[in-house]
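Here's the letter readout for the chains.
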Amino acid sequence: MTDTPQAPSPTSYDAMTRDIAEVPAVEVIVTVAVNLMSAAAVKLGLTEDGDAHKDLDEARKLVHALAGLLDASTTEISSFHAAPLRDGLKSLQLAFREASLVPDEPGQGPGEKYTGPVYG
């Protein structure tokens, strides 16, 4: 008996392909955005564990990627989906600014290339 996981059979790849083929693009975009938001919140220390996972360099990358995704998908997703994602992004950008020992200049924070300067 070994502890190595078994490789998935070819039929499970076919099933995964069929499953993803049925998901609308907007749903994929929103899911990725929510995952980026969640990861950024953890790296900003906004979870119960707080500073245990805090890493502002990693948070910067995640917030920047989220801003880029939302900027690129603005015309593809409805305001019903986009508005709360933009609000969440702004909250993360403000949290980043507050957590930074040396704050970025306005317009230079994570994702501000796409959103413009974020002020409290």
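Residues numbered from 1 in each chain as written. Predicted model: local features only at pLDDT ≥ 70, side-chain atom pairs only at ≥ 80, totals over all residues. Heavy atoms only, no water.

A. Local environment of the overall build of the chain. Each helix and strand counted, the chain has five helices and zero strands in total. Ordered by position from N to C terminus, the α and β elements of the chain give α-α-α-α-α. Across the 120 residues in the chain, those meeting the buried criterion constitute 30%. Once local pairs closer than 6 in sequence are excluded, the contacts in the chain between residues at least 24 apart make up 57%. Element-wise, carbon and sulfur atoms account for 57% of the exposed surface of the chain, whose accessible area totals about 8100 Å². (Helix = DSSP H or I, 4+ residues; strand = E, 2+ residues; numbered from the N terminus. Buried < 20%, exposed > 50% of the residue type's maximum accessible area, 1.4 Å probe, protein only. Contact = heavy atoms within 4.5 Å. Areas by Shrake-Rupley, 256 points an atom, 1.4 Å probe, with all protein chains shown as cover.)

B. Quick look at the confidence of the model for the chain. When pLDDT is averaged along the chain, the result is 90, and 89% of the positions lie at 70 or above. Ranking the elements of the chain by mean pLDDT puts helix H1 (residues 10–21) last, at 74, and helix H3 (residues 56–72) first, at 98. (pLDDT = per-residue confidence, 0-100.)

C. Focus on the nonpolar core. By size, the foremost hydrophobic cluster in this structure holds 21 residues, and its most contacted members are Leu44, Leu66, Leu70, Leu85, Leu89 and Leu92. Counting residues per element, this core draws most heavily on helix H2 (residues 25–43), which supplies seven residues. In contact with Leu66, other than residues within four places in its own chain, are Ala33, Leu36, Met37, Leu89 and Leu92. (Core = buried A, V, L, I, M, F, W, Y, C linked by side-chain atoms within 4.5 Å.)

D. Region of interest: H3. Helix length check: H3 (17 residues) gives 24 Å between terminal C-alpha atoms against 24 Å at 1.5 Å per residue, within 8%. Along H3, the residues classified as buried are Ala59, Leu62, Val63, Leu66, Ala67, Gly68 and Leu70. The secondary structure elements touched by the buried residues of H3 are H2, helix H4 (79–99) and helix H5 (112–115). N-capping of H3 is provided by Asp55, with a side-chain oxygen placed 3.2 Å from the backbone N of Asp57. (Expected span 1.5 Å × (residues − 1). Polar contact = N/O pair within 3.5 Å; in protein donor to acceptor, adjacent residues only side chain to side chain.)

E. Molecular detail of the packing of H2 against H4. At their nearest, the axes of H2 and H4 sit 11 Å apart, and the two run at 15 degrees to each other. The orientation of H2 with respect to H4, classified from their angle, is roughly parallel. Crossing hand, H2 versus H4: left-handed. Mapping the contact onto sequence places Val26, Val30, Ala33, Val34, Met37, Ala40 and Ala41 in H2 and His81, Leu85, Gly88, Leu89 and Leu92 in H4. For the contact of H2 with H4, the per-class residue count stands at 10 nonpolar, two polar and no charged. (Axes fitted to C-alpha atoms, helices over the stretch in contact; angles between N-to-C directions. Parallel < 35°, antiparallel > 145°, perpendicular 65-115°, else oblique. Left-handed = near helix turned anticlockwise from the far one by under 90°. Nonpolar A, V, L, I, M, F, W, Y, C, P; charged D, E, K, R; others polar.)

F. Geometry of the pattern of salt bridges. Tallied over the entire structure, the rule returns five salt bridges. For Lys61, the salt bridge identified is with Asp57, shortest N-O distance 3.3 Å. Of this pair, Lys61 and Asp57 both sit in helix H3, four residues apart, roughly one helical turn. Of the residues examined, Asp57 reaches a relative accessible area of 46% and is grouped as partly exposed. Between Lys61 and Glu58 there is a salt bridge, and its shortest N-O distance comes to 3.6 Å. (Salt bridge = Lys/Arg side-chain N within 4 Å of Asp/Glu carboxyl O.)

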